[in-house]
Number of protein chains: 2
Amino acid sequence: MGDTRTASASSEKSLMRAVVVTEGTIRVEERPVPVPPPGEALLRLRMAGICNTDLEIVKGYMAFQGVPGHEFVADVVEVHAPAEEARRWLGRRVVGAINCSCGECAFCLSEALGGGRHCPRRTVLGILGRDGALAEYLTLPLRNLHEVPAAMDDRTAVFAEPVAAACAIVEQVPALEHCRAVVVGDGKLGLLIAMVLRHHVPELLVVGRHREKLRLLETLDIATRVDGTTGDRSYDLVVEATGSPSGLKTALSHLRPRGTLVLKSTYHGPITRDLSPLVVDEITLLGSRCGRMEPALERLTDGRVRPAGLIAAQYPLRFAAEAFNHARQPGILKLLLVPGSDS
Amino acid sequence: MGDTRTASASSEKSLMRAVVVTEGTIRVEERPVPVPPPGEALLRLRMAGICNTDLEIVKGYMAFQGVPGHEFVADVVEVHAPAEEARRWLGRRVVGAINCSCGECAFCLSEALGGGRHCPRRTVLGILGRDGALAEYLTLPLRNLHEVPAAMDDRTAVFAEPVAAACAIVEQVPALEHCRAVVVGDGKLGLLIAMVLRHHVPELLVVGRHREKLRLLETLDIATRVDGTTGDRSYDLVVEATGSPSGLKTALSHLRPRGTLVLKSTYHGPITRDLSPLVVDEITLLGSRCGRMEPALERLTDGRVRPAGLIAAQYPLRFAAEAFNHARQPGILKLLLVPGSDS
């Protein structure tokens, strides 16, 4: 990798504003601007999104302490790498894969094993062992970066990470083109999953709790149902994306015997459920987490997925605590954070 | 089907001894010998096995009331079918598939959908809407019957149903020949699963709690571990067959990210678990219930599976309550019930 640090022309400051989670509280602090280690870039944030996982992290999920946030678009302002590699990246507007892996183990070398997303030595941006994107600056390995096409605005690019998570389902479920599908959950992730799946399945229903959110899908010709807590057990594929323990029961009520249940929700702590229906009905349950960035950027570029309607509000980074309070209200869609002239 | 009832030469009695579950209690009663409807046979029990599912049924699983039992070997003594069909079956020694399906719906016509084992109109012998095998007589559709080869003794044939359940895993898990596998649970089903899997996987470990039960496997060259409640998360496939809610955690501790977890245990009531590891590690969970009888009879015939060592004791049918008490003791393997001259 070499040991050269190449900075862009603009001189960056040494202190930055950052959102910090400490033992269940969240606040905005001054922190030193991070220094990129070899092979990594320093990124100056343009825009970040708040994900339900961030809310769970404040509650204690993953026992994470530090700067949360893993949905972002940013500019490369410094690169710790040989000059040629540095020139390739400096000044680029990028999004980034959030799993930082060793690149050498079996889990990194096989796409079937997750292409590094399951590396046992990984850190994960804003989730596991690595400060995240809710700050004026962050660092990521160069191999995690993906340049954003010039024509794509920040408010679209900032959705690359959750769209990648939605696209993971396309790679995990075989014979999707034959699956009558249901998405349970009309939150941010549920809606994005529906926007992705509608191009792959012959029939799609989204079951949610909020008529106004479901209305975002009706213009896309996606069938919706409010409060469909019980189904007719006829669907081949159900995606559970409620972010709530109650979603599992609703999901199973729509799924046929020997159907496939994709579990997308992560929440902190145990849930109580009768799991015998999984056995009796021989359900295939697929846990599904992150996805590759390439299919997400393709869909955001060609307009198959248009997430702009999901943006509920945009806050200055310094009002992150208020934004988190807002994000915790039921029915709120995507909240964005932007560092202003005064962050 | 016709409407002819053809009985064997021996005249059968009109009352029989039967084990009956009523609201959480189990007792032996006199009941009328059942009358086979069109397309079904009357079977005279030779031997039955007690399964963990039977113990769960007494606790309330499936809300079943009536005669439990679904592991049996029996003689065909009466057939309600045209004479030619009746002659084919009368006097045969048989085992039987336990799911009695409509034979006409999508779930019945497709092996991928379970070949009738998921028919929404099904009854299940001794489990759902149909009296079971813990009685001197039972009825089953002719198409559920499988003749037992003459050379196979009753104490082997009585294992056909649980061996079929074990064989289901072979049909459900792709690329088994590449899977380093763990079976968690050294109960009856766990041991049978290990006996089946050892012919299909390159490496097999059975984790249990009872050294004497695990010893049954060591003569088969299967690695075993006592009290391996934590694993190294390196295995491709883990089968959870403990019959206990605690088994899920042990199972996950052995499974690698993106591995396959087969869930075989059914128990009555909810369990409390943190399901986020399924999502974070993108586990594929396969619920697995019954299997086809043919692969089971093949393995019992050619000796690939030799279950005789799993028999703990044999009780007369009239002592079924005592046998159930015995079966509830920790560490007890298969208990058999046999109707004697005096049942």
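The coordinates are above.
Residues numbered from 1 in each chain as written. Chains lettered and ligands numbered in written order. Predicted model: local features only at pLDDT ≥ 70, side-chain atom pairs only at ≥ 80, totals over all residues. Heavy atoms only, no water.

Q: Is there a simple way to explain the overall build of chain A in this structure?
A: Regarding its fold elements, chain A presents eleven helices and 19 strands. For a compact globule of 343 residues, the expected C-alpha radius of gyration is about 20 Å, and chain A comes in at 20 Å, within 12% of that figure. Referenced to the eigenvectors of the C-alpha coordinate spread, the extents of chain A come out at roughly 60 × 40 × 40 Å. For chain A, the share of sequence-separated contacts (at least 6 apart) that also reach a separation of at least 24 residues comes to 67%. Counting only carbon and sulfur atoms, one obtains 50% of the accessible surface of chain A, whose full area is about 13400 Å². Of the side chains in chain A, 40 bear a positive and 40 a negative charge, and the two mean positions are spaced by 2 Å. (Helix = DSSP H or I, 4+ residues; strand = E, 2+ residues; numbered from the N terminus. Rg over C-alpha atoms; globule rule 2.2 N^0.38 Å. Contact = heavy atoms within 4.5 Å. Areas by Shrake-Rupley, 256 points an atom, 1.4 Å probe, with all protein chains shown as cover. Lys, Arg positive; Asp, Glu negative; His and termini not counted. Charge placed at Lys NZ, Arg CZ, Asp CG, Glu CD.)

Q: I would appreciate a short explanation of the pairing of strand β11 (residues 180-184) of chain B in the present structure.
A: Regular strands have side chains that alternate between both faces of the sheet. All names here are of chain B. By the criterion of burial, β11 is predominantly enclosed, with four of the five residues buried. Sheet analysis places β11 next to strand β12 (residues 203-208), joined by five bridges and oriented parallel. Of the residues in β12, the one forming a bridge with V182 is L205. In this region the chain leaves β11, passes through helix α6 (residues 188-197) and returns to the parallel neighbour β12; the handedness of that crossover is right-handed. Both β11 and strand β14 (residues 235-240) contribute to a ladder of four bridges, which runs parallel. Across the sheet, residue V184 finds its bridge partner in β14, namely E240. (Buried < 20%, exposed > 50% of the residue type's maximum accessible area, 1.4 Å probe, protein only. Pairing = 2+ DSSP bridges. Right-handed = clockwise from strand over helix to strand, strands pointing away.)

Q: In this structure, what is going on with the relation of the copies chain B and chain A? I would like to understand it.
A: Relating one copy of the chain to the other requires a rotation about an axis plus a shift along that axis. Of the transformation superimposing chain B on chain A, the axial component is 0.0 Å and the angular component is 180 degrees, with the fit at an RMSD of 0.0 Å. Considering both components of the superposition, the chain copies are consistent with a two-fold axis. In terms of C-alpha distance to the rotation axis, chain B has T272(B) as its closest residue, with the C-alpha 2.0 Å off the axis. Same-surface contact between copies: 100% of interface residues of chain B are shared with the interface of chain A. (Least-squares fit on C-alpha atoms with pLDDT ≥ 70 in both.)

Q: How should the packing of aromatic side chains be read in this particular structure?
A: For any two aromatic rings, the description comes down to two numbers: the centre-to-centre distance and the angle of the planes. Overall, the coordinates contain zero aromatic pairs over all chains when judged by the stated rule. Positioned above the aromatic ring of Y235(A) is the side chain of R180(A), whose terminal nitrogen or guanidinium carbon lies 4.4 Å from the ring centre. (Phe/Tyr/Trp six-rings, centres within 6.5 Å; stacked < 30°, edge-to-face > 60°. Lys NZ or Arg CZ within 6 Å of the ring centre and 35° of its normal.)

Q: Can you walk me through the packing of helix α6 (residues 188-197) of chain A against helix α7 (residues 211-218) of chain A in this structure?
A: The description of two packed helices rests on the angle between their axes and on the distance between the axes. Residue and element names in this part refer to chain A. Contact pair α6 / α7: the axes reach a minimum separation of 10 Å and the direction vectors enclose 15 degrees. By the criterion of interaxial angle, the relationship of α6 to α7 is roughly parallel. The two elements α6 and α7 meet at a crossing, and its hand is right-handed. Of the residues in α7, those touching α6 at L191, A194 and M195 are K213, L216 and L217. Residues belonging to the contact of α6 with α7 are distributed by class as follows: five nonpolar, no polar and one charged. (Axes fitted to C-alpha atoms, helices over the stretch in contact; angles between N-to-C directions. Parallel < 35°, antiparallel > 145°, perpendicular 65-115°, else oblique. Left-handed = near helix turned anticlockwise from the far one by under 90°. Nonpolar A, V, L, I, M, F, W, Y, C, P; charged D, E, K, R; others polar.)

Q: Please explain the environment of P202(A) as it appears in this structure.
A: Residue and element names in this part refer to chain A. Tracing the backbone shows P202 in the loop between α6 and β12 (203-208). The exposed category is assigned to P202, whose relative accessible area is 57%. As for P202 and R180, which are separated by 22 residues in sequence, their C-alpha atoms are 6.1 Å apart. Residues contacting P202, with those up to four places away along its chain left out, are L176, E177, H178, C179 and R180.

Q: Looking at this model, I keep getting lost on the interface of chain B and chain A. Mind explaining?
A: By a widespread convention, an interface's size corresponds to the accessible area lost as its parts come together. Counting residues at the interface gives 40 residues for chain B and 40 residues for chain A. Here chain B is connected to chain A by eleven residue pairs in polar contact (both at pLDDT 80 or more). Looking at the side of chain B that touches chain A, its residues break down into 18 nonpolar, eleven polar and eleven charged. Bridge count between strand β16 (residues 271-273) of chain A and strand β16 (residues 271-273) of chain B: three bridges; the pairing is antiparallel. Looking across to β16(B), one finds that I271(A) is bridged to R273(B). (Polar contact = N/O pair within 3.5 Å; in protein donor to acceptor, adjacent residues only side chain to side chain.)

Q: Is there a simple way to explain the pattern of salt bridges in this structure?
A: Residue and element names in this part refer to chain A. For the structure shown, the criterion picks out 42 salt bridges over all chains. Its salt-bridge partner being K13, residue E136 comes within 2.8 Å of it at the nearest N-O pair. Taken together, the positions of E136 in the loop between β8 (123-124) and β9 (137-141) and K13 in the loop between β1 (5-7) and β2 (15-22) put the pair 123 residues apart, joining distant regions of the chain. Of the residues examined, K13 reaches a relative accessible area of 44% and is grouped as partly exposed. Where salt bridges share partners, they join R27, E29, R31 and D131 into one cluster. (Salt bridge = Lys/Arg side-chain N within 4 Å of Asp/Glu carboxyl O.)

Q: Would you take a moment to explain the side chain of T139(B) for this structure?
A: Residue and element names in this part refer to chain B. Positionally, T139 belongs in strand β9 (residues 137-141). At 3.3 Å, the side chain of T139 forms a polar contact with the side chain of E40. Here T139 is in contact with P34, V35, P36, E40, A41, L42, L125 and R130, once residues within four sequence places are set aside.

Just distances and angles here, no functional claims.
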